[in-house]
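Observations on chain architecture
Okay, here's what each chain looks like letter by letter:
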Amino acid sequence: MIIGSKQVKGMDFITLENETGMEVVLCDYGAGIYQIKIDGQPMLNGLKDYEEWMKDSAYHGKCIGRIAGRIQKGELSFEGKTYQISKNEGENTLHGGKRGFSFQKFKTDIAQEKDSVRVDFYYDSPDGDEGFPGEVTLRVRYILFKKKNTLRIEFKCQADRDTPMDITVHTYFDLGGEKNILGHELSIDADEILAYDDELIPQKYVEIPSFMDLRKGKPIGKVIENDYFSKLGGLDTAFHKLDRNKKTPHIVLTGKKYKVDIYSSYDDAVIFTSNCPPFGMEMNNGNIQEKHSSVAIEPQYEALDFPRMMVKKKEIQNNFIEYRFERKDDEK
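This paragraph deals with the sheet that holds strand β17 (residues 185-188). Spatial strand order, β11-β12-β13-β14-β27-β23-β22-β17-β20: nine strands in an open sheet with antiparallel pairing. Edge positions in the open sheet fall to β11 (107-112) and β20 (218-219), since each of these has one partner strand only. With ten bridges connecting them, strand β12 (residues 116-125) and strand β13 (residues 136-145) associate as antiparallel partners. Its bridge partner lying in β13, S125 is registered against V136.

A few words on the side chain of T168. Note that T168 resides in strand β16 (residues 168-173). You can call T168 buried: its relative accessible area is 0%. Polar side-chain contacts of T168 include one of 2.6 Å to the backbone oxygen of P299. With sequence-adjacent residues up to four places away left out, T168 is seen in contact with K62, C63, I64, A68, F155, E298, P299, Q300 and I321.

Grouped together as the largest cluster of nonpolar side chains are 72 residues, with contacts concentrated most on I33, I36, V140, F173, F239, Y323 and F325. Excluding residues within four positions of it along the chain, I36 makes contact with M22, E23, V24, Q41, P42, M43, L44, L151, Y323 and F325. Formed by 16 residues, the second largest nonpolar core is a distinct cluster that contains V8, Y34, Y59 and M283.

The subject of this paragraph is the sheet that holds strand β6 (residues 62-64). Taken in spatial order, the seven strands of this open sheet run β6-β16-β25-β24-β21-β18-β19, and their pairing is antiparallel. A single partner strand is all that each edge strand has here, and the edge strands are β6 and β19 (202-207). Sheet twist, expressed as the mean angle between neighbouring strand axes with direction ignored, is 30°. Relative to strand β25 (residues 295-300), strand β24 (residues 268-272) is paired through five bridges, and the arrangement is antiparallel. Across the sheet, residue A269 finds its bridge partner in β25, namely P299.

Cut-offs and rules
- Residues numbered from 1 in each chain as written.
- Predicted model: local features only at pLDDT ≥ 70, side-chain atom pairs only at ≥ 80, totals over all residues.
- Heavy atoms only, no water.
- Pairing = 2+ DSSP bridges.
- Helix = DSSP H or I, 4+ residues; strand = E, 2+ residues; numbered from the N terminus.
- Buried < 20%, exposed > 50% of the residue type's maximum accessible area, 1.4 Å probe, protein only.
- Polar contact = N/O pair within 3.5 Å; in protein donor to acceptor, adjacent residues only side chain to side chain.
- Contact = heavy atoms within 4.5 Å.
- Core = buried A, V, L, I, M, F, W, Y, C linked by side-chain atoms within 4.5 Å.
- Axes fitted to C-alpha atoms, helices over the stretch in contact; angles between N-to-C directions.

Structure, rendered in structure tokens:
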């Protein structure tokens, strides 16, 4: 297993490579994934310039939290009390506030195991951080396996009091560095979607309409051409299935030459088709950022279900996301 690193503005970019030729570049800033490559071909999309990537408000590859998603007016109502969370999207809170986990430097520990290498990122979030209640200790663990094109991400949270936590990685996929992801086929283990108001504040779960039913897979371009998306420009939607089978793929994304099976412990996944990116920016997959040039896939808890996402005092919350990449020529 090859391990290398470079520093940019005091932040460490860590490169891992296994025996299959899978390369993963991680960063201690935001405990994020800068890039993944198979056969030298990029699987992800993010800003090429390291400094721009670190401060990027589109969260490319970053760990987001304490709570993924939007909180209306930044008002977190939990156990009979309302906490004012920092607002960073107009009057609302998005992905943890102005200085959420995406914009924090994590401590790092790297270890070689028998069949893998792991990189652990640690962050201690004090009580009142961005307005959230309770002191929280977070560990984000990345595991790259020696002989498999697999990257596993494990989240471990502990708190000194009951508090809600919904952590995920905001990874943008473009398998093989294609010009856009409209031809990528997407399948999701879900039977409901989340309805939103005009500010994309979660409202309630509703039966999934037929044109958005992705259980059998559809090209992304065929889905978002529906008039339903005329205002948003594409998907920015949570797909939901309560108590889904965690041993089967949560999401499958298939490009021309590569596919990725995504497993997770969560019941929801937010899909965002880069409807309003910073157009014209140079990306780390060799392309120029344009509309629909990538798709963000964010497994997470059910929106605003704070009791379900609660970390109980002195207990541990564990979750995982796992990416299993395949070359389509290798499929049996």
